[in-house]
Amino acid sequence: MRIASLMGRFFCACPLKIMLQDKFILLGITGSIAAYKAAELVRLLKKADAKVQVLMTPDAERFIPALTLGTLSESEVYSTVFSEHETGSWTKHIALGISADLLVIAPATAQTIAKLAHGFCDSMLTATALAARCPVMVCPAMDHDMYEHPATQNNLSILRSYGYAVLEPEHGELASGLIGKGRLPEPAQVVAAITSVLTPKQPLLGQHLLLTAGPTREAIDPVRYISNHSTGTMGYAIAETAREMGAKVTLVTGPVSLPKPNGIEVIEITSAAEMNQAVQEKLPEATFMVAAAAVADYAPAVVASQKLKKKEEELTVALQKTPDILYNAGLKKRPDQMLVGFALETHDAEAHAQGKIARKNLDFIVLNDLTVPGAGFGTATNQVVILGKDGSRHELPLASKKEIAAGILHHLAPFLPKP
Ligand code: C5P
């Protein structure tokens, strides 16, 4: 897998904090002068709320002290498989290899690359690599001639054949004073590549999303209606992102001024009753439904056939409840379908949202926090908390609505029924 071309694009679409939050990353550091960049790398990963465990080869400690990396990673640094003071179990390399989300080796010397290619396991790092069930990414850093030598290139080909990602070194000034290919990319670029490797490219392939978005309009007479401030921005961002992530998307949308998204089945409706009917028809085909529409809760009980004339000081319009589209979907939900609602509360938000999960038979609810500047109606950004029916809680920090859409869908993807 070559990752250089992809990583820039993905880095822009998904903020690090969303993509790396709670990820367990093993950082292998080997004996290259570029090891000094590892300190900044640990700092960036920790800033993105990843959990970092450093594994250093004994030679790496000649270039950067374990104390620096242990302090930055807030965790003991491992070097040898058998440490002197260890009296407990010796299977740490196995446990690490099983529990990690990614093993990244930056910088990776020609020596370590050769060992990995041929299955040597003479240090905590190489033993863990052999035991790893997670993806492995190797970032070679060495002198130009060592990098270009057929032995190193053959070893890298072997690593690629194992499915390892290889982040190509950069061309430039090397520690030897020579100019050539062999420099470890800057830590921010390594983090972007890590994000790219950790993100499945089309995690929604085979899924069919039924999505409601925008407001509804409830007619009072032929010229007037009851509605709300929803612009549909969040829902449309979810529609487009889901399509990019490989899902088939059916969008049931109220009246908005956004352009129709490409490659998506769009059903335009006006009222809650029409939205309800469209959802009832389409729900059986969907593998999951996300209700992002701001549905009017009440509609005039009678729609006047002619424009109401201005007469008395006061006008009373009798209202009746609209169908609760999501509740109705919850009644029909099959075990192989997932249902996700949105909630916009002004007080006791999380308690109310949990109540809604149970009442509407939802799997998740996305809670908008209206108290946060930059979140909610008509803004380009949002900040949400995703609550699960199992009591789980996942926060997405303030970001563009497109980034929040990606964060929501990436959070849901592992829980979706397999297509
Ligand atoms: O009960 P409440 O309106 O706060 O629930 C919000 C969620 O329910 C949103 O996902 C919204 O799209 C959905 N909803 C619906 N039909 C309604 C009212 C809300 O689908 N009539």
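Rules behind the numbers
- Per-chain numbering applies: the sequence of each chain, read as written, is numbered from 1 onward.
- A pLDDT threshold of at least 70 governs which residues receive local features in this predicted model, and a stricter bar of 80 or more applies before side-chain atom pairs are shown or counted, although totals over entire chains, interfaces and linings include all residues.
- The basis for every side-chain value is the complete set of heavy atoms in the structure, and neither hydrogens nor water enter the calculation.
- Whether a residue is near a molecule or strand depends on its heavy atoms: if one lies within 4 Å, it is near.
- For this analysis, a polar contact is any N or O atom pair within 3.5 Å, provided that within protein one partner can donate a hydrogen and the other can accept it, and provided that sequence-adjacent residues contribute only side-chain to side-chain pairs.
- Surface exposure here means Shrake-Rupley accessible area, sampled with a 1.4 Å probe, where a residue is shielded only by the protein chains that are shown.
- As defined here, a cavity is a set of points on a 1 Å grid over the protein atoms alone where a 1.4 Å probe fits but cannot get out. A pocket is an open set with protein on both sides within 12 Å along at least five of seven lines, and residues line them when an atom is within 4 Å of a point.
- Whether a molecule lies in a cavity or pocket depends on its atoms, and more than half of them have to be within 2 Å of the grid points.
- Any two strands with at least two DSSP bridges between them are considered paired.
- Strands here are runs of E lasting at least two residues and helices are runs of H or I lasting at least four, both read from the DSSP assignment and numbered beginning at the N terminus.
- Each axis is a line fitted through C-alpha atoms, and for a helix only the stretch in contact is used; angles between axes span 0 to 180 degrees, taken between their N-to-C directions.
- Contact definition: two residues touch when any of their heavy atoms are within 4.5 Å.
- Grid points are joined across faces, edges and corners, and a volume is the space filled by probe spheres set on the points.
- Under this grouping Gly is polar, as are all residues other than the nonpolar Ala, Val, Leu, Ile, Met, Phe, Trp, Tyr, Cys and Pro and the charged Asp, Glu, Lys and Arg.
- We count a salt bridge whenever a side-chain nitrogen from Lys or Arg sits within 4 Å of a carboxyl oxygen from Asp or Glu.
- Within 6.5 Å between ring centres, the rings of Phe, Tyr and Trp (the latter by its six-membered ring) count as paired, and their orientation is classed by plane angle as stacked under 30 degrees, edge-to-face over 60, tilted in between.
- Only protein chains enter the accessibility calculation, which uses a 1.4 Å probe; a residue whose area is less than 20% of its type maximum is buried, one above 50% is exposed, and one in between is partly exposed.
- Our definition puts a charge over a ring when NZ of Lys or CZ of Arg is within 6 Å of the ring centre and also within 35 degrees of the ring normal.

Engineer: Hey, could you run me through the site of the ligand in this one?
Structural biologist: The environment of the ligand is made up of 13 residues, and the closest members are Ala 291, Ala 293, Pro 323, Phe 342 and Lys 356. In the environment of the ligand, an oxygen atom lies 3.0 Å from a nitrogen or oxygen atom belonging to the backbone of Leu 326. Coverage of the ligand by the protein amounts to 86% of the 450 Å² it exposes when considered alone. The site holding the ligand turns out to be the largest pocket.

Engineer: Would you take a moment to explain the sheet that holds strand S11 (residues 248-253) for this structure?
Structural biologist: Sheet strands line up and pair through hydrogen bonds in the backbone, either parallel or antiparallel. Pairing in this open sheet of 8 strands is mixed, and the strands run S12-S11-S8-S13-S16-S17-S18-S19 from one edge to the other. Each of the sheet's edge strands pairs with one partner strand only, and the pair in question is strand S12 (265-268) and strand S19 (393-400). The sheet shows a mean angle of 20° between the axes of neighbouring strands, direction not considered. One ladder, built from 4 bridges, connects strand S8 (residues 208-213) with strand S13 (residues 288-291); its direction is parallel. Bridge pairing links Leu 211 to Val 290 in S13.

Engineer: Would you take a moment to explain the sheet that holds strand S5 (residues 165-166) for this structure?
Structural biologist: Ordered by their spatial adjacency, 5 strands build an open sheet running S2-S1-S3-S4-S5, and the pairing between neighbours is parallel. Two strands lie at the open edges of the sheet, namely strand S2 (51-56) and S5, each paired on one side alone. Note: strand S3 (residues 102-108) against strand S4 (residues 136-140), 4 bridges, orientation parallel. Note that in S4 the partner of Val 104 across the bridge is Met 137. Sheet strands touched by helix H4 (residues 66-73): strand S1 (24-29) and S2. Its angle to S2, the strand with the most contacts, is close to 165°.

Engineer: Please explain the layout of surface pockets as it appears in this structure.
Structural biologist: One simple way to see leftover space: roll a probe sized like a water molecule over the atoms. Computed from the structure, the largest pocket encloses a volume of approximately 1,000 Å³. Put simply, the parts of the chain that give the lining of the largest pocket at least two residues each are S8, helix H11 (233-244), S13, helix H13 (325-332), strand S16 (338-345), helix H14 (349-359) and strand S17 (364-369). For the lining of the largest pocket, a count of residues per class yields 20 nonpolar, 14 polar and 8 charged.

Engineer: Is there a simple way to explain the pattern of salt bridges in this structure?
Structural biologist: A side chain with one charge can pair with a side chain of the opposite charge if their charged atoms come near. Going through the model one piece at a time under the given rule, you end up with 20 salt bridges. Glu 265 serves as the salt-bridge partner of Lys 282, at 2.9 Å between the closest nitrogen and oxygen. With a gap of 17 residues between them, Lys 282 in helix H12 (residues 272-282) and Glu 265 in strand S12 connect regions that are remote in the sequence. One salt-bridge network, held together by shared partners, links Lys 37, Arg 183 and Glu 186.

Engineer: Even after reading the chapter, I still don't get the packing of aromatic side chains, so can you show me in this structure?
Structural biologist: The relation between two aromatic rings is expressed through the spacing of the ring centres and the mutual angle of the planes. As enumerated under the stated definition, the model contains 2 aromatic pairs in all. Ring geometry for Tyr 162 versus Tyr 164: centroids 5.7 Å apart, planes at 70°, classification edge-to-face. By relative accessible area, which is 44% here, Tyr 162 ends up partly exposed. The positively charged end of Lys 51 is found above the aromatic ring belonging to Phe 24, 4.2 Å away from the centroid.

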